Amino acid sequence: MEPSSKRSVRRKDGSEPRASSSEWYLKYCDRQNFYLKFLYYTGLLKESSITPRRQVVYKIVTVFLFFANVEFLVQTCIGFGNNMDNFFLKIALLNCLSYVVSSFVWYKMKKRNNYLSSLLSTLRWTRPLKLTAAQVFFLLYICSTPLFLTTVVVEFTRATSSDLRVYGLKINPYFATFLLYTRTSIQFFIYPTWINLVVMLFSVICLHVSRLIRLLRVDIERCSLTEFTTLKQVEIEKYVTKISGVVKLLQKVFSVPSFLLSTAHLCTCIPTLGMLVLPGGLSMPAVALGLMVFMFTNSFGGLLAYLWIAGGLPIEADRLKEALRSKLLQARLSENGVGGACPNGMKFLKVSNFELSGCEIVYFRRSSILALAGTILTYTVLLISKN
């Protein structure tokens, strides 16, 4: 079990550092990293001191999200006006909904940035945002997604369209290409890049909490009866209480965003699967087919990762209860009674199972993965049944 006391960062003279506007990260980590900078400059961390650079970046993000959603709505309305086929109109509506919902994920996390700040500062001593090599590679993959997808889509559009138009208007081809690059990159940043970053942040924190529970369980299992004193049991109780508080903060931060991003993934996963299974769906151009496969894999993989990683917390909690129950039983049945019986022993066994949910509507369990696959297939059939 890791020590429960927080490590303090001291200067060479032994004094505590003061968190100035340029040292805002000290209450979260010893040094800055990508995730902390990203959360700070997008307004997802609540800070008393706000730098001018953060104000500028925050306003740019807000403006981009606003105009991007307006653009999605305009494109959908143009589809209505052009008498788009009923099936493709439903596809366009679902895609528009996925982008709008993705923007609301940022809005809800911004409204609860005080909880996220409390969560990360509480977990500071475990360094939750210190990524492994595999996580850094995955983060680079997520960040490169909008650039790669934008380049592929724009170049494919230029190669297949003899006349680039913006909202049906013919303008300068260079300016039209610039607008197409800008609009497409913002679109792919909102979805899937932004949603992937939120899923990864949630997953990294959940993995750290699971690790804390696992370390506590291993410590209990290795603890001998002579060491399993009342003082040790009280220490374990304090540690469990701290983990329970962390999980409650995690639920407060990600309850609504979890439900919204699950909705965004479903609104992408279902129509892309519908496009692929339609007759002739696999005969579309290779670039379009590759984009469809990528979006389906990304959306379904995001849902799968959310259920698998968040569903690991209840499993670790059950293993912790079992280890503690076994150790308490051994202590009570020991001949010399060295371990003794903790008066609050049964309180440990009634600890929460650390199950997370999205607005208490969607519960994240590993047993729900098959139900998720069934839901996607059912709604895909409903979508294409009349086509």
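Parameters at a glance
- Residues numbered from 1 in each chain as written.
- Predicted model: local features only at pLDDT ≥ 70, side-chain atom pairs only at ≥ 80, totals over all residues.
- Heavy atoms only, no water.
- Helix = DSSP H or I, 4+ residues; strand = E, 2+ residues; numbered from the N terminus.
- Buried < 20%, exposed > 50% of the residue type's maximum accessible area, 1.4 Å probe, protein only.
- Areas by Shrake-Rupley, 256 points an atom, 1.4 Å probe, with all protein chains shown as cover.
- Salt bridge = Lys/Arg side-chain N within 4 Å of Asp/Glu carboxyl O.
- Patch = residues over 30% accessible without salt bridge, like charges linked within 9 Å, V, L, I, M, F, W, Y side chains within 5 Å.
- Polar contact = N/O pair within 3.5 Å; in protein donor to acceptor, adjacent residues only side chain to side chain.
- Contact = heavy atoms within 4.5 Å.
- Phe/Tyr/Trp six-rings, centres within 6.5 Å; stacked < 30°, edge-to-face > 60°.
- Lys NZ or Arg CZ within 6 Å of the ring centre and 35° of its normal.
- UniProt positions renumbered as here; feature names shortened; annotations may be inferred.
- Axes fitted to C-alpha atoms, helices over the stretch in contact; angles between N-to-C directions.
- Parallel < 35°, antiparallel > 145°, perpendicular 65-115°, else oblique.
- Left-handed = near helix turned anticlockwise from the far one by under 90°.
- Nonpolar A, V, L, I, M, F, W, Y, C, P; charged D, E, K, R; others polar.
- Arc of directions from axis to C-beta.
- Expected span 1.5 Å × (residues − 1).

Asks: Any chance you could explain the overall build of the protein here in plain terms?
Replies: Along the backbone of the protein there are 11 helices and four strands. Looking at the protein residue by residue over its 387 residues, the buried ones come to 44%. Summed over all atoms, the accessible surface of the protein reaches about 20300 Å², with 63% contributed by carbon and sulfur.

Asks: Explain the pattern of salt bridges to me, please; I cannot follow it from the model alone.
Replies: A side chain with one charge may pair with a side chain of the opposite charge, provided their charged atoms come close. Scanning all chains against the criterion turns up seven salt bridges. Across the pair Lys232 and Asp219 runs a salt bridge, and its minimum N-O distance is 3.0 Å. Here Lys232 is found in helix H7 (residues 230-277), whereas its partner Asp219 is found in helix H6 (residues 173-222), with 13 residues between them in sequence. The closest approach of N and O atoms between Glu316 and Arg319, which form a salt bridge, is 3.6 Å. With Glu316 and Arg319 both in helix H9 (residues 312-333) and three residues apart, the pair spans about one turn of that helix. Its relative accessible area of 45% is what places Arg319 among the partly exposed residues. Members of the salt-bridge network, linked through shared partners, are Arg214, Glu316 and Arg319.

Asks: Please clarify how unusual backbone geometry should be interpreted in this entry.
Replies: Most peptide bonds take the trans configuration, and most residues that are not glycine carry a negative phi. A cis amide bond links Tyr191 with the next residue in sequence, Pro192, at an omega value of 15°. Even without glycine at this site, Phe354 takes up a positive phi of about 60°. With respect to the helices and strands, Phe354 occurs in the loop between helix H10 (345-349) and strand S3 (357-358). The backbone of Glu360 shows a phi angle near 55°, a positive value even though the residue is not glycine.

Asks: Got a minute to help me understand a nonpolar patch on the surface in this structure?
Replies: A surface patch of nonpolar side chains, amounting to about 720 Å² of accessible area, comprises Val56, Ile60, Val63, Phe64, Phe66, Phe67, Val70 and Val74. Its location among the elements puts Val56 in helix H2 (residues 52-81).

Asks: I tried to follow the side chain of Ser357 on my own but got confused; where do I start?
Replies: With respect to the secondary-structure elements, Ser357 resides in strand S3. A polar side-chain atom of Ser357 sits 3.1 Å from a polar atom in the side chain of Gln251. A polar side-chain atom of Ser357 sits 3.3 Å from the main-chain amide nitrogen of Glu360. Not counting the four nearest positions on each side in its chain, Ser357 is found in contact with Gln251, Ser255, Val362, Tyr363 and Phe364.

Asks: Even after reading the chapter, I still don't get the packing of aromatic side chains, so can you show me in this structure?
Replies: Ring pairs (aromatic) are described by centroid distance and by the angle formed between their planes. Enumeration according to the criterion identifies 13 aromatic pairs in this entry. Ring centres of Phe34 and Tyr35 lie 6.1 Å apart, and the angle between their planes is 65°; on these two criteria the pair is classed as edge-to-face. A relative accessible area of 38% means that Phe34 is categorised as partly exposed. Stacked on the ring of Tyr40, the Lys or Arg Arg54 has its end atom at 4.6 Å from the ring centre.

Asks: Explain the UniProt feature "transmembrane region" (unreviewed entry) in the protein here, please?
Replies: The feature "transmembrane region" (unreviewed entry), as annotated in UniProt, sits at residues 56-81, 87-107, 128-149, 188-207, 258-278, 284-309 and 369-385 in this numbering. Along residues 188-207, the helical share is 100% and the strand share 0%, with 27 Å between the first and last C-alpha atoms. Measuring from the first to the last C-alpha atom of residues 369-385 gives 24 Å, for a span that is 94% helix and 0% strand.

Asks: How should I be thinking about the packing of helix H4 (residues 113-122) against H7 in this particular structure?
Replies: The angle between the axes and the distance between the axes are what describe a pair of packed helices. Two elements in contact, H4 and H7, have axes whose closest approach is 9 Å; the angle formed by their N-to-C orientations is 150°. If you check the angle between H4 and H7, you find them roughly antiparallel. Here H4 runs over H7; the crossing is left-handed. On the side of H4, the interface is formed by Tyr115, Leu116, Ser118, Leu119 and Thr122, while H7 contributes Val246, Leu249, Leu250, Lys252 and Val253.

Asks: Please clarify how the environment of Tyr181 should be interpreted in this entry.
Replies: Mapped onto the elements of the fold, Tyr181 is located in helix H6. On the basis of relative accessibility, which here comes to 28%, the residue Tyr181 falls in the partly exposed class. It is 9.5 Å that separates the C-alpha atoms of Tyr181 and Glu155, two residues lying 26 residues apart in sequence. Not counting residues up to four positions away in its chain, the partners in contact with Tyr181 are Thr150, Thr151, Val154 and Glu155.

Asks: Help me understand the packing of helix H3 (residues 86-111) against H7 in this model?
Replies: Two numbers describe how H3 lies on H7: the axes approach to 9 Å, and their chain directions differ by 160°. Taken together, the axis directions place H3 and H7 in an arrangement best described as roughly antiparallel. Where H3 crosses over H7, the handedness of that crossing is left-handed. Here the residues of the contact of H3 with H7 are counted per class, giving 18 nonpolar, six polar and one charged.

Asks: How should I be thinking about H4 in this particular structure?
Replies: Each full turn of the α-helix corresponds to 3.6 residues, which orients residues three or four apart in the same direction. When we look at burial in H4, the residues that qualify are Asn113, Leu116, Ser117, Leu119 and Leu120. In a view along the axis of H4, the buried residues occupy a sector of 160°, so they form one face of it. Of the surrounding elements, those touching the buried residues of H4 are helix H1 (34-41), H3, H6 and H7.

Asks: Is there a simple way to explain the environment of Gly311 in this structure?
Replies: With respect to the helices and strands, Gly311 occurs in the loop between helix H8 (286-310) and H9. Judged by relative accessible area, which is 4%, Gly311 ranks as buried. C-alpha separation for the pair Gly311 and Arg365, spaced 54 residues apart in sequence, amounts to 4.2 Å. Here Gly311 is in contact with Tyr306, Phe364, Arg365 and Arg366, once residues within four sequence places are set aside.

Asks: So what exactly am I meant to see when it comes to H3 here?
Replies: Here H3 spans 37 Å end to end across 26 residues, near enough to the 38 Å set by a 1.5 Å rise per residue. By the burial criterion, the buried members of H3 are Phe87, Leu89, Ile91, Cys96, Ser98, Tyr99, Val101, Ser102, Ser103, Val105, Trp106 and Met109.

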